[in-house]
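# Analysis of the macromolecular model
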Amino acid sequence: MLAQMAPAPGVLTIDLDALVDNWRRVARDVAPAQAAAVVKADAYGLGAGRVVPALAAAGCRAFFVANLVEALAIRPLVPDDAVLAVLNGLHPGGEPFAAEAGITPVLNSVAQARRWQPFARPAMLQVDTGMARHGLDMAEAAALAGDADFRAGVPLLALISHLACADEPDRAENADQLARFAAASALFPGVARCFANSGGVQLGAAYHGDMVRAGLCLYGAEPADGRGVPFRPVVGLAARVLQTRTVAAGTGVGYGQTWQAPGETRLALLSIGYADGFPRSLSGRGAVWAQGALLPIVGRVSMDVTVVDASALSEGALTEGDLVEIIGPHCQIEDVAQEAGTIAYEILTQLGHRYERRYL
Ligand SMILES: *Cc1c(COP(=O)(O)O)cnc(C)c1O
């Protein structure tokens, strides 16, 4: 309790209104196809415990997670009339748990289909259309489609597949996968088609099938670079100033002294580090924002501390305990990710647990 009341080293703001708006936008864009929400990895780090009820209240009736343990954890939050599906399928021995809890496995191999068959419960079936990840190949899918016992025993809620290049709209592989998915779908007439992730949603109606599986765009990040998609930002992150100091020219900063002050420099120490999911690859790269100025990161990002050059601000402008923007309107998540040499997905899912979380 006291730990929750004391000033936290950082503040993570999660705008549930914006999240719900983003889901509604997807639902509108893809209608009459259904908009499922991908809430794996604790809803991309934002907290499935808050995200799932918000989306359920808005009318979302299909949720995807990566694995059975995640599914069991959020099962009580998912309405009884909604589908909760496990993208990675079940490890051997997981079947009774899924069946008991009313969790829908995605059957990704013939072996998984055979293990699920005795439970005679709904499932989704995945075909691999060109990613060499999960799913049956075409010949396996055709054999299963023609297996009368399997078809009679296991109601298929959807046929699914996943796009390898959805975030690159110009790649020819997208249309190739779509054509293979259509061929697979012809083997399972009447079974709902579920193909598009966030990037796929933006590839257009041909990719929407009967249900889309949107993750990233719900959380306010861009699936594809430079497309200016108007999803509302959901995540804000601020870190507190630990202290400020002015150093003389030539002073080395941080582990390895990888940065030396070129002249007298005002530094601010921030209470965020790689243990908080702030990538160490931002050492000497990128910036934070405070009071109208971008403050470059200098030296190495360490476990609990990051140092910025605050010379752009007047003396005393930043003081101990002030919050500076790490992710927000001036430090967009895509830009932070790019500076760090990664993608927004990784920044989100690595968000740490030492922040105070404020849900709006
Ligand atoms: C993670 C995932 C999604 C969601 O992808 P986004 O790009 O975040 O929308 C959809 N389908 C599968 C199979 C996934 O693994």
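Please read these numbers as outputs of a predicted model, since none were measured by experiment. (Residues numbered from 1 in each chain as written. Predicted model: local features only at pLDDT ≥ 70, side-chain atom pairs only at ≥ 80, totals over all residues. Heavy atoms only, no water.)

### Here we look at the domain arrangement of the chain
- Looking at the chain, the domain boundaries give domain 1 (32–219) and domain 2 (235–359).
- Between domain 1 and domain 2, the C-alpha centre-to-centre distance is 39 Å.
- Taking both sides of the interface into account, the surface hidden between domain 1 and domain 2 amounts to around 840 Å²; carbon and sulfur atoms contribute 66%.
- The largest share of the area that domain 1 buries against domain 2 comes from Tyr-44, Leu-46 and Leu-216, three residues that together contribute 52% of it.
- Where domain 1 touches domain 2, the interface holds zero salt bridges.
- Here domain 1 and domain 2 share three residue pairs in polar contact (both at pLDDT 80 or more) between them. (Domains from an automatic or database assignment. Buried area = accessible area lost by both parts, 1.4 Å probe. Salt bridge = Lys/Arg side-chain N within 4 Å of Asp/Glu carboxyl O. Polar contact = N/O pair within 3.5 Å; in protein donor to acceptor, adjacent residues only side chain to side chain.)

### Observations regarding the site of the ligand
- Looking at the ligand, there are 13 residues lining it, with Lys-40, Tyr-44, Ser-198, Leu-216 and Tyr-345 nearest.
- Here a nitrogen atom of the ligand and a side-chain polar atom of Arg-213 are 2.9 Å apart.
- Starting from 390 Å² of accessible surface for the ligand in isolation, the protein chains cover 93%.
- Applying the majority rule of atoms within 2 Å of the grid points places the ligand in the largest pocket.
- Those elements giving two or more residues to the shell around the ligand turn out to be helix H3 (40–44) and strand E9 (211–214).
- Looking at side-chain class alone, the shell around the ligand contains six nonpolar, four polar and three charged residues. (Near = heavy atom within 4 Å. Areas by Shrake-Rupley, 256 points an atom, 1.4 Å probe, with all protein chains shown as cover. 1 Å grid on protein atoms, 1.4 Å probe; cavity = no way out; pocket = protein on both sides within 12 Å on 5 of 7 lines; lining within 4 Å. Sits in = over half its atoms within 2 Å of the grid points. Helix = DSSP H or I, 4+ residues; strand = E, 2+ residues; numbered from the N terminus. Nonpolar A, V, L, I, M, F, W, Y, C, P; charged D, E, K, R; others polar.)

### So, the packing of aromatic side chains
- Taken as a whole, this structure holds five aromatic pairs when the rule is applied.
- Centroid distance Trp-116 to Phe-119: 5.6 Å. Interplanar angle 25°. Geometry classified as stacked.
- Classification of Trp-116 as buried rests on a relative accessible area of 1%.
- A relative accessible area of 30% means that Phe-119 is categorised as partly exposed.
- Where Phe-181 meets Phe-195, the ring centres are 4.6 Å apart and the plane angle is 5°; that geometry is what we call stacked. Taken together, the residues span a long stretch of sequence, with Phe-181 in helix H10 (residues 172–186) and Phe-195 in the loop between strand E8 (193–194) and helix H11 (198–201) at a distance of 14 residues.
- Exposure remark for Phe-181: the relative accessible area of 3% places this residue in the buried category.
- What links up through ring pairs into an aromatic cluster is the set Tyr-44, Tyr-219 and Tyr-345. (Phe/Tyr/Trp six-rings, centres within 6.5 Å; stacked < 30°, edge-to-face > 60°. Buried < 20%, exposed > 50% of the residue type's maximum accessible area, 1.4 Å probe, protein only.)

### What about the pattern of salt bridges?
- Per the counting criterion, the structure on display carries 13 salt bridges.
- Residue Asp-81 pairs with Arg-61 through a salt bridge whose shortest N-O separation is 3.0 Å. With Asp-81 in the loop between helix H5 (68–74) and strand E4 (83–86) and Arg-61 in the loop between helix H4 (48–58) and strand E3 (62–65), this residue pair connects regions lying 20 residues apart in the sequence.
- Residue Asp-81 is classed as exposed on the basis of its relative accessible area, which comes to 57%.
- A relative accessible area of 28% places Arg-61 in the partly exposed class.
- As a salt-bridge pair, Arg-114 and Asp-147 come within 2.7 Å of each other at their nearest N and O atoms. Residue Arg-114 is found in helix H7 (residues 110–116), and its partner Asp-147 is found in the loop between helix H8 (138–145) and helix H9 (148–153); the two are separated by 33 residues along the sequence.
- For Arg-114, a relative accessible area of 37% translates into the label partly exposed.
- Linked by salt bridges that have partners in common, Asp-15, Asp-21 and Arg-232 make up one network.

### Thoughts on the nonpolar core
- The biggest cluster of nonpolar side chains holds 116 residues, and the ones touching the most others in it are Val-26, Val-39, Leu-55, Phe-63, Tyr-219 and Ile-326.
- It is helix H2 (residues 16–30) that provides the largest number of residues to this core, a total of eight residues.
- For this core, the domains that each give at least three residues are domain 1 (32–219) and domain 2 (235–359).
- Apart from residues lying up to four places away in sequence, Tyr-219 is in contact with Leu-19, Val-38, Val-39, Ala-43, Tyr-44, Leu-46, Val-51, Val-234, Val-235 and Leu-348.
- In terms of nonpolar packing, the next biggest core, distinct from the first, is built from seven residues, Val-253, Ala-261, Leu-269 and Val-298 among them. (Core = buried A, V, L, I, M, F, W, Y, C linked by side-chain atoms within 4.5 Å. Contact = heavy atoms within 4.5 Å.)

### So, the layout of surface pockets
- Each pocket or cavity is described by its volume, and for the largest pocket that value is around 920 Å³.
- Counting only elements with at least two residues in the lining of the largest pocket, the list comes to H3, H11, helix H12 (333–339) and helix H13 (344–350).
- Here the lining of the largest pocket is composed, by residue class, of 19 nonpolar, 15 polar and ten charged. (Points joined across faces, edges and corners; volume = space filled by probe spheres on them.)

### Structural notes on H2
- Taking 1.5 Å per residue as the helical rise, H2 with its 15 residues ought to reach 21 Å, and the 21 Å between its terminal C-alpha atoms agrees with that figure.
- Taken together, the buried positions of H2 are Leu-16, Ala-18, Leu-19, Val-20, Asn-22, Trp-23, Val-26, Ala-27 and Val-30.
- Buried positions along H2 lie against strand E1 (10–14), strand E2 (34–38), H4, H11, E9 and strand E18 (356–359).
- Regarding H2, its N-cap is Asp-15, as a side-chain oxygen of that residue lies 3.1 Å from the backbone nitrogen of Asp-17 further along. (Expected span 1.5 Å × (residues − 1).)

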